[in-house]
Amino acid sequence: MRKIPLGTVLLVVGAVLTLVGFVAYAQENATLNLVGFFYGVPILLGGLALRAAELEPVPYTQPTSEAVLALRGQQATQTQTQVRKDVTRYRYGQEAHLDETLERLGLSPNDTQRPVLSGLHEEQRDGAYTLVLEFDSPFVSFEKWQEKQSKIENFFGPGITAEISRSDEEKVAVAMKAVVA
């Protein structure tokens, strides 16, 4: 169910009910007419509103291996699990994934210069489960990300170490590695 956008479901249901209402009106069927109009139109409008405020899930950039899935089940912290689930589902009423988090970390100067979470993947690093968040960050320098490394660890911790890396000038990866005891 998390891969089906609620806005689309409401649009389809609302459109069907509204269509039934119009057909019932043409056939002078008062009961179906009322059901179609009184339920169909509000559901249709709700679906349109949700579609307008919809934030799509962040895609996985690499497939997750069975070994990493098993490691996730054993080592993933509650925070890693929550972040992964939040960014891989449809969200409503938010401008960007992790927008409030980036603001609290001091990595979002304003809405237009905020780094954008463009992908994620899971891997094993040094025997530990690691969730890697991939950001497009053309306005926030890599040095700024490095300065915030300890703050990122504290924010997403306990039980996590953060590793900051960059793949090119505008892409930054934040690896949240579970601390293995």
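One can find the structure itself at the top, above this paragraph.
Residues numbered from 1 in each chain as written. Predicted model: local features only at pLDDT ≥ 70, side-chain atom pairs only at ≥ 80, totals over all residues. Heavy atoms only, no water.

A. Representation of the sheet that holds strand β6 (residues 171-178) within the structure. Sheet architecture is open: four strands sit in the order β3-β4-β6-β5, paired in antiparallel fashion. Two strands lie at the open edges of the sheet, namely β3 (116-125) and β5 (160-168), each paired on one side alone. With direction set aside, neighbouring strand axes in the sheet form an average angle of 20°. In terms of strand pairing, β5 meets β6 through eight bridges, oriented antiparallel. Its bridge partner lying in β6, Arg166 is registered against Val172. Against the sheet, helix α3 (residues 66-75) contacts β3, β4 (128-136) and β6, and its axis sits at roughly 105° relative to β4. Sitting on the sheet, helix α4 (residues 78-87) is in contact with β3, β4, β5 and β6, with an inclination near 40° to β4. (Pairing = 2+ DSSP bridges. Helix = DSSP H or I, 4+ residues; strand = E, 2+ residues; numbered from the N terminus. Axes fitted to C-alpha atoms, helices over the stretch in contact; angles between N-to-C directions. Contact = heavy atoms within 4.5 Å.)

B. Here's a closer look at the side chain of Ser137. Mapping Ser137 onto the fold places it in the loop between β4 and α6 (142-147). At 3.0 Å, the side chain of Ser137 forms a polar contact with the side chain of Trp145. Apart from the residues lying within four places of it in its own chain, the contact partners of Ser137 are Pro115, Trp145, Glu170 and Val172. (Polar contact = N/O pair within 3.5 Å; in protein donor to acceptor, adjacent residues only side chain to side chain.)

C. Structural detail: the nonpolar core. By size, the foremost hydrophobic cluster in this structure holds 26 residues, and its most contacted members are Leu133, Phe135, Trp145, Ile152 and Met176. Sort the elements by how many residues they give to this core and β4 lands first, with four residues. In this structure Trp145 touches Leu102, Leu107, Pro115, Phe135, Ser137, Val140, Ile152, Ile164, Val172 and Val174, once residues within four positions along its chain are discounted. (Core = buried A, V, L, I, M, F, W, Y, C linked by side-chain atoms within 4.5 Å. Buried < 20%, exposed > 50% of the residue type's maximum accessible area, 1.4 Å probe, protein only.)

D. Expanded view of the packing of aromatic side chains. In this structure the tally under the stated criterion is three aromatic pairs. Ring centres 5.1 Å apart and planes at 40° place the aromatic pair Phe135 and Trp145 in the tilted group. Note that Phe135 is positioned in strand β4 and Trp145 in helix α6, a separation of ten residues in sequence. When sorted by exposure, Phe135 lands in the same class as Trp145, which is buried. (Phe/Tyr/Trp six-rings, centres within 6.5 Å; stacked < 30°, edge-to-face > 60°.)

E. Just the pattern of salt bridges, in detail. Inspection of the entire model under this criterion finds ten salt bridges. Between Lys177 and Glu163 there is a salt bridge; the shortest N-O distance is 3.3 Å. With Lys177 in strand β6 and Glu163 in strand β5, this pair connects stretches of sequence that are 14 residues apart. One salt-bridge network, held together by shared partners, links Glu123, Arg125, Asp126, Glu163 and Lys177. (Salt bridge = Lys/Arg side-chain N within 4 Å of Asp/Glu carboxyl O.)

F. Looking closely at a negative patch on the surface. On the surface, Glu143, Glu147, Asp168, Glu169 and Glu170 cluster together into a negatively charged patch. Structurally, the position occupied by Asp168 is in strand β5. For Asp168, a relative accessible area of 37% puts it in the partly exposed group. (Patch = residues over 30% accessible without salt bridge, like charges linked within 9 Å, V, L, I, M, F, W, Y side chains within 5 Å. Areas by Shrake-Rupley, 256 points an atom, 1.4 Å probe, with all protein chains shown as cover. Lys, Arg positive; Asp, Glu negative; His and termini not counted. Charge placed at Lys NZ, Arg CZ, Asp CG, Glu CD.)

G. Summary view of a nonpolar patch on the surface. On the surface, a cluster of nonpolar side chains totalling about 290 Å² of accessible area is made up of Ile4, Leu6, Val9 and Val13. Position of Val9 among the secondary structure elements: in helix α1 (residues 6-26). The partly exposed category is assigned to Val9, whose relative accessible area is 31%.

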